[in-house]
Amino acid sequence: MRIGILGTGGMADALGTQWARAGHQVLAGGRSGPTGLREAAEFGTDAVLLAVPHEAAAQLVAGLAEPLRGRTLIDCTNPVGAGFALLTSGGPSAAERIAAAAPGVRVVKAFNLCHVDVWRRTPPVFDGRPLAVPLAGDDEPALDVVRQLVRDIGCEPVHAGGLDRAGLVEATAALLIRLWVGEGADAQAIAPPLAYAAG
């Protein structure tokens, strides 16, 4: 696949490196440097990863609406602020705001639940179990693309629902970050094994 990455930070580097290792063509662009954001958006004919701070995401996508039209846009941003607060509480999710900023872009929420160092693991497998990655989106072909990209780094995609469920995925990130970072808790311990989950 040809994958464009909007951003040049840790998430861009970690996921981009993994996808390049899997044989994909990857081009990351930023506001400064040899490759620009528009060039990266145009390059990503199969998928574009949005890897910029939440505060800049919607405006950036709005400015690239034309080259992103019809593209699969993977939103890995987290609207989490001071005190581990969910910045979009009571309103549209970050992913929905990004979709509204550029109609015609096929947004899929994914890769937002883990620290960048998790995505650098090759593969992200823990105690013999591949990491599960929730996906939220409305466009089935776009979801299929992201499912493949999840599998290509050694993880398992999990369907979390339509884009209207992205807010729940983002709220989950806010909760997990608070437990991991704020409380030093093992967040996995809050959920029983699947066999016991439904009683």
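Nothing here was measured: the structure is a model prediction, and the numbers come from that model.

Take the overall build of the protein chain next. From N to C terminus, the protein chain includes nine helices and nine strands. Rg of the C-alpha trace for the protein chain: 16 Å, near the compact-globule value of 16 Å for 199 residues, within the 12% margin. In the protein chain, which comprises 199 residues, the proportion classed as buried is 45%. Long-range pairs, those at least 24 residues apart, make up 70% of the contacts in the protein chain between residues at least 6 apart in sequence. Within the structure as shown, the protein chain displays about 9,600 Å² of accessible surface, and the carbon and sulfur contribution to it stands at 53%. Here the protein chain contributes 16 positive and 20 negative side-chain charges, whose respective centroids are spaced 2 Å apart.

Turning to the sheet that holds strand β1 (residues 2-6), a few remarks are in order. Ordered by their spatial adjacency, seven strands build an open sheet running β2-β1-β3-β4-β5-β8-β9, and the pairing between neighbours is mixed. With one partner strand each, in any of the chains shown, β2 (25-29) and β9 (156-161) form the two edges of the open sheet. Strand-to-strand twist across the sheet, computed as the mean angle between neighbouring axes with direction ignored, equals 25°. Inspection of the sheet shows β1 paired to strand β3 (residues 47-50) by four bridges, in the parallel sense. In the strand pairing of β3, Ile-5 is matched with Leu-49. In this fold helix α5 (residues 94-101) packs onto β3, β4 (72-75) and β5 (106-109), with an angle of close to 170° to the strand it touches most, β5.

This next bit is on the layout of surface pockets. In this structure, the largest pocket occupies an estimated 1,500 Å³ of space. If you go around the largest pocket, you meet 45 residues; those closest to its centre are Leu-113, Cys-114, Leu-131, Leu-176 and Trp-180. Among the elements of the structure, α1 (10-21), α6 (116-119), β7 (129-130), β8 (132-137), β9, α8 (166-182) and α9 (194-197) are those that each provide at least two residues to the lining of the largest pocket. If one sorts the elements of the lining of the largest pocket by residue count, α8 sits on top with six residues. The residue inventory of the lining of the largest pocket, partitioned by class, reads 33 nonpolar, nine polar and three charged.

Two faces, one strand: in a regular strand the side chains alternate between the faces of the sheet. For β1, the buried fraction is high: four of the five residues fall into the buried class. Bridging between β1 and β2 involves five bridges; their strand directions are parallel. Looking at β2, one finds that Leu-6 is bridged to Gly-29.

Assignment of secondary structure puts Thr-35 in the loop between β2 and α2 (37-43). Residue contacts for Thr-35: discarding those within four places in its chain leaves Leu-27, Ala-28, Gly-29, Gly-30 and Ala-40.

Moving on, we get to unusual backbone geometry. Omega for the bond connecting Thr-122 with Pro-123 falls within 30 degrees of zero, at -10°, which places this linkage in the cis form. Even without glycine at this site, Asp-127 takes up a positive phi of about 55°. Relative to the helices and strands, Asp-127 is located in the loop between β6 (125-126) and β7. Under the relative-accessibility criterion, Asp-127 is labelled exposed at 85%.

This part takes up helix α7 (residues 140-152). With 13 residues, α7 extends 18 Å between its outermost C-alpha atoms, agreeing within 8% with the 18 Å of an ideal straight helix rising 1.5 Å per residue. Along α7, the residues classified as buried are Ala-142, Leu-143, Val-145, Val-146, Arg-147, Leu-149 and Val-150. You can read the cap of α7 off the contacts: a side-chain oxygen lies 2.9 Å from the backbone nitrogen of Ala-142, and it is on Asp-139.

Procedures and definitions
Residues numbered from 1 in each chain as written. Predicted model: local features only at pLDDT ≥ 70, side-chain atom pairs only at ≥ 80, totals over all residues. Heavy atoms only, no water. Helix = DSSP H or I, 4+ residues; strand = E, 2+ residues; numbered from the N terminus. Rg over C-alpha atoms; globule rule 2.2 N^0.38 Å. Buried < 20%, exposed > 50% of the residue type's maximum accessible area, 1.4 Å probe, protein only. Contact = heavy atoms within 4.5 Å. Areas by Shrake-Rupley, 256 points an atom, 1.4 Å probe, with all protein chains shown as cover. Lys, Arg positive; Asp, Glu negative; His and termini not counted. Charge placed at Lys NZ, Arg CZ, Asp CG, Glu CD. Pairing = 2+ DSSP bridges. Axes fitted to C-alpha atoms, helices over the stretch in contact; angles between N-to-C directions. 1 Å grid on protein atoms, 1.4 Å probe; cavity = no way out; pocket = protein on both sides within 12 Å on 5 of 7 lines; lining within 4 Å. Points joined across faces, edges and corners; volume = space filled by probe spheres on them. Nonpolar A, V, L, I, M, F, W, Y, C, P; charged D, E, K, R; others polar. Expected span 1.5 Å × (residues − 1). Polar contact = N/O pair within 3.5 Å; in protein donor to acceptor, adjacent residues only side chain to side chain.

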